[in-house]
Structures are given as structure tokens and as C-alpha cells.
Amino acid sequence: MNLKHSLSALNKLRKSHSKQPGLFKQILHSVPVICNANRFAQSYQEQLPNGAPLKQPGENPLWDYFQNHTQGHGIWKWEHYFDVYHRHLAKFVGKKTDVLEIGIYSGGSLEMWRSYFGEKCHIYGVDIEEACKEYENNYVSVFIGDQENRAFWNDFKDKVDGIDVLIDDGGHTAAQQQVTLEEMLRHIRPGGVYICEDIHGTHNRFSAYASGLVDQLNSMRDSQFQSAVHSIHFYPYMLVIEKHAVQPKKLNAPKHGTIWQPFFKNTINE
Ligand SMILES: C[S@@+](CC[C@H](N)C(=O)[O-])C[C@H]1O[C@@H](n2cnc3c(N)ncnc32)[C@H](O)[C@@H]1O
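Structural notes, computed from the coordinates. Small disclaimer: the values here were computed from a predicted structure and weren't measured.

Observations regarding the site of the ligand
Then step 1. Around the ligand, the surrounding shell holds 22 residues, and the nearest of these are Gly 103, Tyr 105, Ser 109, Gln 147 and Gly 171.
Then step 2. Among the secondary structure elements, those contributing two or more residues to the shell around the ligand are β1 (98-102), α5 (108-117) and β2 (122-127).
Then step 3. Across the shell around the ligand, the residue classes tally to 7 nonpolar, 8 polar and 7 charged.

A closer look at the sheet that holds β1
Then step 1. Read across the sheet, 7 strands follow the order β3-β2-β1-β4-β5-β7-β6 without closing on themselves; strand pairing throughout is mixed. Strands with a single pairing partner mark the edges of an open sheet, and in this sheet they are β3 (140-144) and β6 (229-235). The mean inter-strand angle of the sheet, taken between neighbouring strand axes irrespective of direction, is 15 degrees.
Then step 2. For β1 and strand β4 (residues 163-168), the ladder comprises 4 bridges, and the chain directions are parallel. Bridging from a neighbouring strand, Ile 102 pairs with Asp 168 of β4.
Then step 3. Seen against the sheet, helix α4 (residues 81-89) touches β4, β5 (188-196), β6 and β7 (238-243) and runs at an angle of roughly 5 degrees to β7.

Some points on the nonpolar core
Nonpolar side chains in soluble globular proteins tend to end up buried together.
Then step 1. Counting residues in hydrophobic clusters, the biggest one holds 38 residues, and the most contacted among them are Val 99, Val 165 and Leu 166.
Then step 2. Looking at this core, the elements that each hand over two or more residues are α4, β1, α5, β2, β4, β5, α8 (205-217) and β7.
Then step 3. Here Val 99 is in contact with Trp 113, Phe 117, Cys 121, Ile 123, Tyr 124, Ile 163, Asp 164 and Val 165, once residues within four sequence places are set aside.

What about the packing of helix α3 (residues 61-68) against α4?
Each pair of packed helices can be summarised by the angle the axes make with each other and by the distance between the axes.
Then step 1. It is the contact of α3 with α4, at a shortest axis distance of 8 Å, that shows an interaxial angle of 145 degrees. Residues Leu 62, Trp 63 and Phe 66 of α3 form the contact with α4, whose participating residues are Phe 82, Tyr 85 and His 86.
Then step 2. Its residues assigned to classes, the contact of α3 with α4 shows 5 nonpolar, 1 polar and no charged.

With respect to the environment of Ser 219
Then step 1. Here Ser 219 is to be found in the loop between α8 and α9 (224-228).
Then step 2. Overall, the presence of 11 C-beta atoms within 10 Å leaves Ser 219 in the exposed class.

Description of the pairing of β7
Then step 1. Pairing geometry for β5 and β7, over 4 bridges, is antiparallel. Following the sheet pairing, Ile 195 is matched in β7 by Val 240.
Then step 2. Where β6 lies against β7, 6 bridges are found, and the strand directions are antiparallel. Paired with Ile 232 across the bridge in β7 is Ile 241.
Then step 3. Linking β6 back to β7 in an antiparallel pair, the connection comprises 2 residues, with Tyr 237 at a positive phi of about 65 degrees.

Considerations on the packing of α3 against α5
Then step 1. Orientation of α3 relative to α5, taken along the N-to-C sense of each, is 140 degrees, at an axis distance of 10 Å. The orientation of α3 with respect to α5, classified from their angle, is oblique. Where α3 crosses over α5, the two elements pack in a sense that is right-handed. The segment α3 lies against α5, with Pro 61, Leu 62, Tyr 65 and Phe 66 engaging Met 112, Ser 115 and Tyr 116.
Then step 2. In the contact of α3 with α5, the residues fall into 6 nonpolar, 1 polar and no charged.

A word on α5
Then step 1. Within the sequence span of α5, burial applies to Ser 109, Leu 110, Met 112, Trp 113, Tyr 116 and Phe 117. Relative to the axis of α5, the buried residues are bounded by an arc of 160 degrees and lie together on one face.
Then step 2. Summarising the contacts, the buried residues of α5 are in contact with α3, β1, β2 and β3.

Remarks on unusual backbone geometry
Then step 1. A positive phi is found at His 172, a non-glycine position, where the angle reads about 70 degrees.
Then step 2. Tracing the backbone through its elements, the reader meets His 172 in the loop between β4 and α7 (174-184).
Then step 3. The backbone of Tyr 237 sits at a positive phi, close to 65 degrees, despite the residue not being glycine.
Then step 4. With respect to the element layout, Tyr 237 can be found in the loop between β6 and β7.
Then step 5. The class of Tyr 237 is partly exposed, set by 18 C-beta atoms lying within 10 Å.

Things to note about the environment of Asn 138
Then step 1. Its location among the elements puts Asn 138 in the loop between β2 and β3.
Then step 2. Remark: the alpha-carbon pair of Asn 138 and His 122, spanning 16 residues in sequence, is separated by 8.5 Å.

Cut-offs used in this document
Starting afresh in each chain, residues are numbered from 1 along the sequence in its written order. Only residues with pLDDT of at least 70 are given local features in this predicted model, and only at 80 or more are side-chain atom pairs given and counted; all residues enter the totals for whole chains, interfaces and linings. Defining nearness, a residue is near a molecule or strand when the C-beta atom obtained from its backbone falls within 6 Å of it. In DSSP terms, a helix is any run of H or I states spanning at least four residues, a strand is any run of E spanning at least two, and both are numbered starting from the N terminus. Classes in brief: Ala, Val, Leu, Ile, Met, Phe, Trp, Tyr, Cys and Pro nonpolar; Asp, Glu, Lys and Arg charged; the others, Gly included, polar. A pair of strands is considered paired only if DSSP assigns at least 2 bridges between the two. For helices, the fitted line uses only the C-alpha atoms of the stretch in contact; every axis is such a line through C-alpha atoms, and the angle between N-to-C directions lies from 0 to 180 degrees. Each residue gets a C-beta atom placed from its backbone, and two residues are in contact if those atoms lie within 7 Å. Each nonpolar core reported here comprises buried Ala, Val, Leu, Ile, Met, Phe, Trp, Tyr and Cys residues connected via C-beta atoms within 7 Å. Neighbour counting defines burial: a residue surrounded by 20 or more other C-beta atoms within 10 Å of its own C-beta is buried, one with 12 or fewer is exposed, and intermediate counts give partly exposed, using backbone-placed C-beta atoms. Under this scheme an angle from 65 to 115 degrees is roughly perpendicular, one under 35 degrees roughly parallel, and one over 145 degrees roughly antiparallel; angles in between are oblique. Left-handed describes a crossing in which the near helix is turned anticlockwise from the far one by less than a right angle; the clockwise case is right-handed. What the arc covers is the set of directions going from the helix axis to the C-beta atoms.

Encoded structure:
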């Protein structure tokens, strides 16, 4: 890091501290713990049995589609994403589903989503490149704009009621991913799923941002974030957020049973 970068990083730290000194101090205490976790994972050794089984045709329709797609509009995805998609998105198959993919490129993924979710779905594509308008048809609407521009999202939200599935495969910078999440999470309907792809590299800033969200999911104070968000999942290069379909019950940890050891006092409910 050169002097200019160091000064800019210090300035960001100073600003963050002056905004919320208490929060800043708490997070600072996590730094050694994060270093420990990094060290542990870097030196981790475990040999699993060799030979991941090949996926059988019919096991994952998205994977089958991708494997059989050898001609036509290009699709560019990491192979391991297909299991993640199917795990989190299968519940929408055949249903009336509004899907938003940020990053269209050669248009093949728009066709793949349509084939997977079925005739009742509508696909919204967003790209910064004007040329992507050509992918518009009766089941695909294309919006041209910069995903890092909050005004662009305001305009999008004026035009599109709500969406069920968001896949961020756009420019992949942390700033773009953060703005997109902040602008669009509330616009994803209850029960909806947010996916961000290509969060590459250690110490990725968007990954750090998402860890802050996990912090708040673990909060012992009820928050609207906690009642809207069901779960946050990390995969290699990928983040998935599932939203609750309905307002969940207040989080509670009741004790069941009549025979208790004297040595452990769980204070959560006391
Ligand atoms: C990795 S490609 C998308 C691949 C496509 N989803 C697929 O599965 O084949 C990334 C796309 O994001 C677009 N893009 C880059 N920066 C963007 C931005 N700031 N806002 C919106 N789209 C952007 C690029 O023009 C490009 O078409």
C-alpha cells in the first residue's frame, strides 16, 4: 500500500469512528479474531475422499441446461453456482416469479432463467451496455443503467412493482454490489431470494460488508432487518440472502423438560 492509499484508508477509519464511535470500537475488537480465523483457514488441512460424483441428468435442471447449451447466446457462470441456484431457487419453479439479473452480457443466462422458472416468470435484465436492449422480448424487459447509481434504482423501482429473485452478476466491484443490495433488498418480496456472484478474493470488501449484515442478524435486540431476513449464506464467491415469507415470531429459546443440572445457567431468557 503506498502513502496515498494509507492516508485515504486512515481517513476512512477516522470518518467511520466519528460517525459511530461505540460501534467502531466493538468492530475494532473483532480485528484480532478475524486474523485468527484467517490464520486457521490458511493452515487448515483435511483430506476428503477423492471423486466428487458426476451429476446425473435430471438432478439439477439448470445444470442440464448449461451442459446442453453448446450453441447460441453465451452464458458464463462458475460451475459450482448451479447447485447453489437450485438449492435456493427451486421453490419458484413453475410459479409466477419476477426475476432480476444484473449483468446480461451475451444474453444466454436470461434464456436459461426463463427455461428454469417456466412460462409464468418474467425476467428483468439490467446492464450498463446499451447493446443489451436487443434481448428484450415478451418475457424479458431490459433496463440500461449503472448498478452503482442509486437514482437508476429509484427509477427501476418506480417502473417495477417488486421482484422475487435478484441475481447480481454485473460489474462485481464492492461499491456496485453494496449499492445494489442497499437499494434492492427492500424491493425483493417476502420469501424472495437475493444472490450476489463473483465476490472474489480474500479480504474482499463486499464480503466484509456482508459479514456486517451477519453481525446484525445475530443481534439480541429485535430489528426490522432481523424480521425481514431469514438467513444469509456464504459460498465460494457467492452470497445468498433469503427473506422471510411472513413476519416471524419473536426469537425465543424456551426450556423444555423438568430435570436440570445445577452447573449451567443459561441466561438468555432471564
Ligand atoms: C459477467 S457479465 C454477465 C454474465 C451473464 N450474467 C451470464 O451469466 O452470462 C457482466 C455484465 O455486467 C455488465 N456491467 C458491468 N458494469 C456494470 C454496471 N456498473 N452496471 C450494470 N451492468 C454492468 C457488463 O456490461 C456485462 O455485460
